[in-house]
Amino acid sequence: MEKTSDVEPSQIRIGVVGLGLMGSSITTCLLIAGHSVVAIAPLHVDLETAETRIRDHLTHSFEHEICSEQPEFYWKKLTITEDYSLLKDVLVVIECTLEDMTIKKQVYERIENVVSDQTIITSNTSAIPISLLQKETRVPDRFLGLHWAEPSHTTRFLEIICGDKSSQKKAEWLYKLSHYWAKEPTLVRKDIRGFITNRLMYALYREAFHLVENGYATVDDVDRACRNNAGYWMTLVGCFRWMDLTGVPAYHAVMKDLFPTLDNGTEVPKLIDDIVNDGGKGISNAHGFYEYTPEEAQLWRETFEEFSYEIRRLALKYPADIVKKKLESKKSPD
């Protein structure tokens, strides 16, 4: 979809509630798109860490030509605060708090006490059904899901999710607006736990744990297979286009025998359970599926950030409508 004249980011003030990793990168994305942003820190400690993160994101985005202006240009459009009353004039609010219904309910109450009934309220939840969350709001039809990927200012991914009571008109307006955020969005018109991408990814995670816990492969073996097979083509196409490209009948034949052998367990795998119970958080505390020295953990963080900019450059060369554009180019006169 092309950007449309009835949506102008510079005229749309947005609120972001929650300034952890994702809240900070979402804020960065919105600033680069031209919005003024009111960023609410529910936790006092986020006031300082968010400023550092957002400044770093803006600096690196300028260096990698994602944005055309120096950080200070965008910084003038940002307010970081603990004061919910400053959300009064925003047209959209994006909630990015912990995956806890009690916390979210409290946040929605504070938001709705300030904003108008016309303000769209969204959640960046990864898995809680939007239909459940909107029951915790006073005006459920203006409540939708906005599921981002980290880092939000470099990735193309965005899911816009309708709950049972969500306004389709508001969902379609968000769909239009998200194109200004450099996204290739998906509009999920029927709510389901996990939405699209998490249902796909957690099926992959479940099978990965099954292979490791039953001795078929190591953690490193599984990671290498993911990187060098699906990781090789997924920036260009999704699973259905991939089957079209490589021959549908072959997949049909394999499914008959393979599907019955795939794991369908419903319990949390012991491998991840043990790590979490032992205090493991992954890179953030150098203890996850792999062990890291502090230096290795820092280098993995830096390498992921570097990669996110590099893969973005490649991805932008191959948008979803790349073939359509090539056909139009062939038809147009020289």
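The rules we used
- Residues numbered from 1 in each chain as written.
- Predicted model: local features only at pLDDT ≥ 70, side-chain atom pairs only at ≥ 80, totals over all residues.
- Heavy atoms only, no water.
- Domains from an automatic or database assignment.
- Contact = heavy atoms within 4.5 Å.
- Buried area = accessible area lost by both parts, 1.4 Å probe.
- Salt bridge = Lys/Arg side-chain N within 4 Å of Asp/Glu carboxyl O.
- Axes fitted to C-alpha atoms, helices over the stretch in contact; angles between N-to-C directions.
- Helix = DSSP H or I, 4+ residues; strand = E, 2+ residues; numbered from the N terminus.
- Parallel < 35°, antiparallel > 145°, perpendicular 65-115°, else oblique.
- Nonpolar A, V, L, I, M, F, W, Y, C, P; charged D, E, K, R; others polar.
- Buried < 20%, exposed > 50% of the residue type's maximum accessible area, 1.4 Å probe, protein only.
- Pairing = 2+ DSSP bridges.
- Core = buried A, V, L, I, M, F, W, Y, C linked by side-chain atoms within 4.5 Å.
- UniProt positions renumbered as here; feature names shortened; annotations may be inferred.

**Brief notes about the domain arrangement of the chain**
For step 1, the next point in the chain: Domain assignment breaks the chain into domain 1 (9-188) and domain 2 (198-326).
For step 2, the next point in the chain: Once you take the C-alpha centre of each, domain 1 and domain 2 turn out to be 27 Å apart.
For step 3, the next point in the chain: Each partner contributes to the interface: domain 1 provides 14 residues, whereas domain 2 provides twelve residues.
For step 4, the next point in the chain: Of the roughly 1,100 Å² buried between domain 1 and domain 2, counting both surfaces, carbon and sulfur atoms make up 49%.
For step 5, the next point in the chain: Area buried by domain 1 at its contact with domain 2 is led by His64, Thr154 and Arg156, which between them contribute 46% of it.
For step 6, the next point in the chain: Here domain 1 and domain 2 share zero salt bridges between them.

**Re the packing of helix α7 (residues 197-213) against helix α12 (residues 270-277)**
For step 1, the next point in the chain: Two elements in contact, α7 and α12, have axes whose closest approach is 9 Å; the angle formed by their N-to-C orientations is 90 degrees. By the angle between their axes, α7 is roughly perpendicular relative to α12. Within the contact between the two elements, α7 uses Phe209, Val212 and Glu213 and α12 uses Lys270, Leu271 and Ile272.
For step 2, the next point in the chain: Here the residues of the contact of α7 with α12 sort into four nonpolar, no polar and two charged.

**Describing the pairing of strand β1 (residues 13-17)**
For a regular strand, side-chain orientation follows a simple rule: the groups alternate between the two sheet faces.
For step 1, the next point in the chain: Among the five residues in β1, four count as buried, and that is most of the element.
For step 2, the next point in the chain: Across five bridges, the pairing between β1 and strand β2 (residues 36-40) is parallel. Across the sheet, residue valine 16 finds its bridge partner in β2, namely alanine 39.
For step 3, the next point in the chain: As judged from the four bridges shared by β1 and strand β4 (residues 92-95), these two strands associate in the parallel manner. Counted as the bridge partner of valine 16 is isoleucine 94 from β4.

**Quick look at the sheet that holds β1**
For step 1, the next point in the chain: Judged by pairing direction, the sheet is mixed, and its eight strands sit side by side in the order β3-β2-β1-β4-β5-β6-β7-β8 without closing on themselves. The sheet terminates laterally at β3 (78-81) and β8 (186-188), the two strands that pair on one side only. Going across the sheet, the axis of each strand differs from the next one's by a mean of 20 degrees, ignoring polarity.
For step 2, the next point in the chain: In the packing of helix α6 (residues 168-178) onto the sheet, contacts are made with β4, β5 (120-123), β6 (143-148), β7 (158-162) and β8, and the angle to β7 comes to roughly 170 degrees.

**Considering the nonpolar core**
For step 1, the next point in the chain: Core analysis: the largest hydrophobic core is formed by 36 residues, its most contacted members being Leu30, Ile94, Trp148 and Trp181.
For step 2, the next point in the chain: Ranked by residue count, the leading element in this core is helix α1 (residues 21-33), at five residues.
For step 3, the next point in the chain: Residues within four places of tryptophan 148 in sequence aside, it is in contact with Met22, Ile26, Cys29, Leu30, Ile94, Asn124, Phe157, Leu158, Trp181 and Lys183.
For step 4, the next point in the chain: Core analysis: the second largest hydrophobic core is formed by 19 residues, Val38, Ile40, Tyr84 and Ile161 among them.

**Observations concerning the UniProt feature "site: Important for catalytic activity" (unreviewed entry) in the chain**
For step 1, the next point in the chain: The UniProt entry lists His147 under the feature "site: Important for catalytic activity" (unreviewed entry), expressed in the numbering used here.
For step 2, the next point in the chain: Histidine 147 has contacts with Ser123, Asn124, Thr125, Ser126, Phe157, Leu158, Glu159, Ile161, Phe195, Thr197 and Asn198, leaving out every residue within four places of it along the chain.

**Some points on the UniProt feature "domain: 3-hydroxyacyl-CoA dehydrogenase C-terminal" (unreviewed entry) in the chain**
For step 1, the next point in the chain: Here the UniProt-annotated "domain: 3-hydroxyacyl-CoA dehydrogenase C-terminal" (unreviewed entry) positions come out as residues 194-292.
For step 2, the next point in the chain: Taken end to end, residues 194-292 is 59% helix and 0% strand, and its first and last C-alpha atoms sit 30 Å apart.

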